[in-house]
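Survey of secondary and tertiary structure
So the chains spell out like this:
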Amino acid sequence: RGTTDLRADAAAAAAAGRIDEAIIGYKSLLQQDAKDFEARRALGRLYLATNAPKLALKELRRASPLREQYPDLDLDIARAQLALGAHREALAAL
């Protein structure tokens, strides 16, 4: 399947609450292009929503080239750090 179809399917799955399916979709996108920062951001946000802050932080940090486009990326990084108990790092991320 093409990346456009995979991205649309993953986004639709996430919107419908089919989180596991969405995670698989975004991981498939990253297998095709490890520098797909949009997929990394989406995957990180899904991990954050499913209480997997360590995985979320890893993906959100890798999506850091999107900071200018998505100012809330730093907030997501801070949320992941807070969930991990890294309060000082969370403040520094903001």
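Preceding this section is the structure that the text describes.
Residues numbered from 1 in each chain as written. Predicted model: local features only at pLDDT ≥ 70, side-chain atom pairs only at ≥ 80, totals over all residues. Heavy atoms only, no water.

1. Observations regarding unusual backbone geometry
The backbone of N51 sits at a positive phi, close to 60 degrees, despite the residue not being glycine. Positionally, N51 belongs in the loop between helix 3 (37–49) and helix 4 (53–62). Relative accessible area serves as the criterion here: at 66%, N51 is assigned to the exposed category. (Helix = DSSP H or I, 4+ residues; strand = E, 2+ residues; numbered from the N terminus. Buried < 20%, exposed > 50% of the residue type's maximum accessible area, 1.4 Å probe, protein only.)

2. What to know about a nonpolar patch on the surface
A grouping of L75, L91 and L94 is seen on the molecular surface, where their side chains present a nonpolar patch of about 330 Å² in accessible area. Looking at the secondary structure, you find L75 in helix 5 (residues 73–83). Given a relative accessible area of 37%, L75 falls into the partly exposed group. (Patch = residues over 30% accessible without salt bridge, like charges linked within 9 Å, V, L, I, M, F, W, Y side chains within 5 Å. Areas by Shrake-Rupley, 256 points an atom, 1.4 Å probe, with all protein chains shown as cover. Salt bridge = Lys/Arg side-chain N within 4 Å of Asp/Glu carboxyl O.)

3. Observations concerning the environment of L91
Among the secondary structure elements, L91 is positioned in helix 6 (residues 87–93). Classification of L91 as exposed rests on a relative accessible area of 63%. Between the alpha carbons of L91 and L75 there is a distance of 9.5 Å; along the sequence they are 16 residues apart.

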